[in-house]
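What follows is each chain in one-letter form.
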Amino acid sequence: MTIPVTFWSYFAELAGCSETVVTVSEPTTVDGLLAALYQAHPALAELRRSTLIAVGVEYQDGGYVLKPGDHVSLFPPVQGG
Amino acid sequence: MTIPVTFWSYFAELAGCSETVVTVSEPTTVDGLLAALYQAHPALAELRRSTLIAVGVEYQDGGYVLKPGDHVSLFPPVQGG
Amino acid sequence: MKRYLSITRDPLDEAGLVADRTLSSGMGAAVYFSGVVRGQEGADAIVALDYSCFVPMAEHQFQRLFDRLAQRGSVESVRLVHRIGRVPVGESSLWIEVVSAHRAEAFAACQWVIDEMKQVVPIWKKPVTAADACLPSDSNPAS
Amino acid sequence: MKRYLSITRDPLDEAGLVADRTLSSGMGAAVYFSGVVRGQEGADAIVALDYSCFVPMAEHQFQRLFDRLAQRGSVESVRLVHRIGRVPVGESSLWIEVVSAHRAEAFAACQWVIDEMKQVVPIWKKPVTAADACLPSDSNPAS
């Protein structure tokens, strides 16, 4: 299963791209996806504690089980206003 | 000494007039003036506990000693907004 | 602290007031409040409120409030308009704007002005029912 | 509860928004907040903020906040505009209006929306200094 991942705000600069695709075996949780992702993008791993994770337009935590068609977004704390 | 007194809001209806003049001997406090006033306007006396008193444009309490030229205003609790 | 005060019989031009706002580059928050006459006063349906005002004292007491606000030091500007006379249901009787560097200060100051005003500024209101509405508005002296 | 949401690259027309207000005859309070870009971000002088936004998620999260606000039952209408892209110092990035029967509810709800928004709505800002100002604004995907 391939999961597209979008990086928002300065996470895109840290990742060196704003979008990537991660191939994971099923079933995989968000945590499983992140483990693969952090191997490829160690700069993001350092910010894991302050990373927000969405699947589609909803926040999810690491235990969320990914489905085909899911789109993951990673971003730093939000700053609207 | 004559002291003009203005009644505001429904105090004018209770007093039967919006302005009057009270003649008092010197020195007289606001309380002294009120005693004379309440004799003439007993309906106002009943509301004395919720009556606000100004001399000129400042709030004063009953102990204020009146001077020639002072203008007293009596009114119910304010309701701006 | 910049201050603007108007006690007026004219309808409030809120859009115009907003368009006239000025602030310096350190300011990050404008909080404004519009108080609108409701169609109900206690249990009774009304069509308007008649506001009467002891104008010189009201102006003085507003300025005293603004003096106290200025002492807090965090507000760059306050603008306040109170409409008096007959104000129909659905129209604003009070408009306040507070400009400050940060929103917490602006919200707190705006509410503080309203709370204090309701204690000390000599303005009164009288409900107008549909039956009264053809009569002239409250004829308090100097109101 | 009536709701209006706009996430836009256009300058906020606050006066026009205020002029468009509608409220029913039971409503007595409209509270507004305008968040303005300050000329300082931390210790640095800036000329603008570049706001980026994950728009579909931001819209969804705003609507979830409005759902929660509606459950409180005291707010008749909320309108919110968030400007994104490059917002110069002195211009508004955020405008909120809350209409309620009473002012305490309106003030509380307006502040609640801002507080919650700052937790969950995916919008980010990047300071723009005079030196950056000739560069194009932040080019995040879909922002």
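Residues numbered from 1 in each chain as written. Chains lettered and ligands numbered in written order. Predicted model: local features only at pLDDT ≥ 70, side-chain atom pairs only at ≥ 80, totals over all residues. Heavy atoms only, no water.

Draft legend 1. Region of the structure containing the overall build of chain A. Per the secondary structure count, chain A includes three helices and five strands. Starting at the N terminus and walking to the C terminus, you meet the elements of chain A as β-α-β-α-α-β-β-β. A compact globule built from 81 residues should have a C-alpha radius of gyration of about 12 Å, and chain A, at 12 Å, falls within 12% of that. If one aligns the C-alpha atoms of chain A with their principal axes, the spans along those axes are about 35 × 25 × 20 Å. Residue burial in chain A is summarised as follows: out of 81 residues, 44% are buried. (Helix = DSSP H or I, 4+ residues; strand = E, 2+ residues; numbered from the N terminus. Rg over C-alpha atoms; globule rule 2.2 N^0.38 Å. Buried < 20%, exposed > 50% of the residue type's maximum accessible area, 1.4 Å probe, protein only.)

Draft legend 2. Spatial organisation of the interface of chain D and chain A. Each side of the interface is counted separately: chain D has 24 residues, and chain A has 20 residues. For the chain D and chain A pair, buried surface summed over both sides reaches about 1,800 Å², with 59% attributable to carbon and sulfur atoms. Run the count over chain D and chain A and you get two salt bridges. Across the contact surface, chain D and chain A share 13 residue pairs in polar contact (both at pLDDT 80 or more). Elements that contribute at least two residues to the side of chain D that touches chain A include exactly β5 (48–53), α2 (55–72), β8 (92–100), α3 (103–120) and β9 (123–128) of chain D. Ranked by the residues each element gives to the side of chain D that touches chain A, the list is headed by α2(D), at five residues. Residue composition of the side of chain D that touches chain A, grouped by class: 14 nonpolar, six polar and four charged. (Contact = heavy atoms within 4.5 Å. Buried area = accessible area lost by both parts, 1.4 Å probe. Salt bridge = Lys/Arg side-chain N within 4 Å of Asp/Glu carboxyl O. Polar contact = N/O pair within 3.5 Å; in protein donor to acceptor, adjacent residues only side chain to side chain. Nonpolar A, V, L, I, M, F, W, Y, C, P; charged D, E, K, R; others polar.)

Draft legend 3. Inspection of the sheet that holds strand β5 (residues 72–75) of chain A at higher detail. Residues and elements named next belong to chain A. Taken in spatial order, the five strands line up as β2-β1-β5-β3-β4 in an open sheet, and their pairing is mixed. If you trace the sheet from one side to the other, it starts and ends with β2 (19–23) and β4 (58–59), each paired once. Across two bridges, the pairing between strand β3 (residues 52–55) and β4 is antiparallel. Its bridge partner being in β4, Ala 54 is matched across the sheet by Tyr 59. (Pairing = 2+ DSSP bridges.)

Draft legend 4. Inspection of the side chain of C:Arg21 at higher detail. In this structure, C:Arg21 sits in the loop between α1 (14–19) and β2 (29–36). Residue class for C:Arg21 comes out buried when judged on its relative accessible area of 17%. Those residues in contact with C:Arg21 that sit more than four places away from it in its chain are C:Ala30, C:Tyr32, C:Arg79, C:Glu97, C:Val99, D:Glu14, D:Ser34 and D:Ser92.

Draft legend 5. Main features of the interface of chain C and chain D. Contact with chain C, which involves 33 residues of that partner, is made by 34 residues of chain D. Interface area lost by chain C to chain D is led by C:Tyr32, C:Arg103 and C:Phe107, which between them contribute 26%. Taken together, chain C and chain D are joined by four salt bridges. Of the charged contacts, one joins C:Asp115 and D:Arg103 as a salt bridge, the two residues approaching to 3.0 Å between their closest N and O atoms. Where chain C packs against chain D, one counts 18 residue pairs in polar contact (both at pLDDT 80 or more). Looking at the side of chain C that touches chain D, the elements with two or more residues in it are α1, β2 and α3 (103–120) of chain C.

Draft legend 6. View of the packing of α3(C) against α3(D). In contact at an axis separation of 12 Å, α3(C) and α3(D) are set at 175° when each is read in the N-to-C sense. By the criterion of interaxial angle, the relationship of α3(C) to α3(D) is roughly antiparallel. Of α3(D), the residues touching α3(C) (which contributes C:Arg103, C:Phe107, C:Cys110, C:Gln111, C:Ile114, C:Asp115 and C:Lys118) are D:Arg103, D:Phe107, D:Cys110, D:Gln111, D:Ile114, D:Asp115 and D:Lys118. Classifying every residue of the contact of α3(C) with α3(D) by side-chain character gives six nonpolar, two polar and six charged. (Axes fitted to C-alpha atoms, helices over the stretch in contact; angles between N-to-C directions. Parallel < 35°, antiparallel > 145°, perpendicular 65-115°, else oblique.)

Draft legend 7. A look at the relation of the copies chain C and chain D. Superposition record for chain C on chain D: RMSD 0.1 Å, screw rotation 180°, translation along axis 0.0 Å. The transformation relating the two chain copies, once decomposed into turn and shift, fits a two-fold axis. Of every C-alpha in chain C, the one belonging to C:Ala15 sits nearest the axis of rotation, 2.2 Å from it. The share of interface residues of chain C whose copies in chain D are also at the interface is 100%, consistent with both copies meeting through the same surface. (Least-squares fit on C-alpha atoms with pLDDT ≥ 70 in both.)

Draft legend 8. The packing of aromatic side chains, seen in detail. Taken as a whole, this structure holds 18 aromatic pairs over all chains when the rule is applied. Aromatic pair C:Phe33 and D:Phe107: ring centres 5.6 Å apart, planes at 15°, arrangement stacked. One end of the pair, C:Phe33, is in strand β2; the other, D:Phe107, is in helix α3, on a second chain. Residue C:Phe33 shares its accessibility class with D:Phe107, and that shared class is buried. Members of the aromatic cluster, joined through ring pairs, are A:Trp8, A:Tyr59, A:Phe75, D:Phe54 and D:Trp124. The aromatic ring of C:Trp112 is capped on one face by C:Arg72, whose charged end is 5.5 Å from the ring centroid. (Phe/Tyr/Trp six-rings, centres within 6.5 Å; stacked < 30°, edge-to-face > 60°. Lys NZ or Arg CZ within 6 Å of the ring centre and 35° of its normal.)

Draft legend 9. Up close: the side chain of A:Asp70. Residue and element names in this part refer to chain A. By secondary structure assignment, the location of Asp 70 is in the loop between β4 and β5. Asp 70 gets classed as buried once you look at its relative accessible area, which sits at 9%. In this structure the side chain of Asp 70 is engaged in a polar contact, spanning 3.0 Å, whose partner is the side chain of Tyr 64. Apart from the residues within four sequence positions on either side, Asp 70 is in contact with Ile 3, Pro 4, Val 55, Tyr 64 and Val 65.

Draft legend 10. Spotlight on unusual backbone geometry. Residue and element names in this part refer to chain A. Residue Glu 26 is joined to Pro 27 through a cis peptide bond whose omega torsion reads -10°. Position of Pro 27 among the secondary structure elements: in the loop between β2 and α2 (30–40). Phi is positive for Ser 9, close to 55°, though the residue is something other than glycine. Structurally, the position occupied by Ser 9 is in the loop between β1 (2–7) and α1 (10–15). Ser 9 sits in the buried class, given a relative accessible area of 11%.

Draft legend 11. Quick peek at the sheet that holds strand β7 (residues 85–88) of chain D. Residues and elements named next belong to chain D. Judged by pairing direction, the sheet is antiparallel, and its three strands sit side by side in the order β7-β5-β9 without closing on themselves. Since the sheet does not close on itself, it has two edges, and those belong to β7 and β9, each with one partner. Geometrically, the sheet is characterised by an average inter-axis angle of 30° between neighbouring strands, direction not taken into account. As paired elements, β5 and β7 share four bridges and run antiparallel to each other. Opposite Tyr 51, over in β7, you have Gly 85 as the bridge partner.

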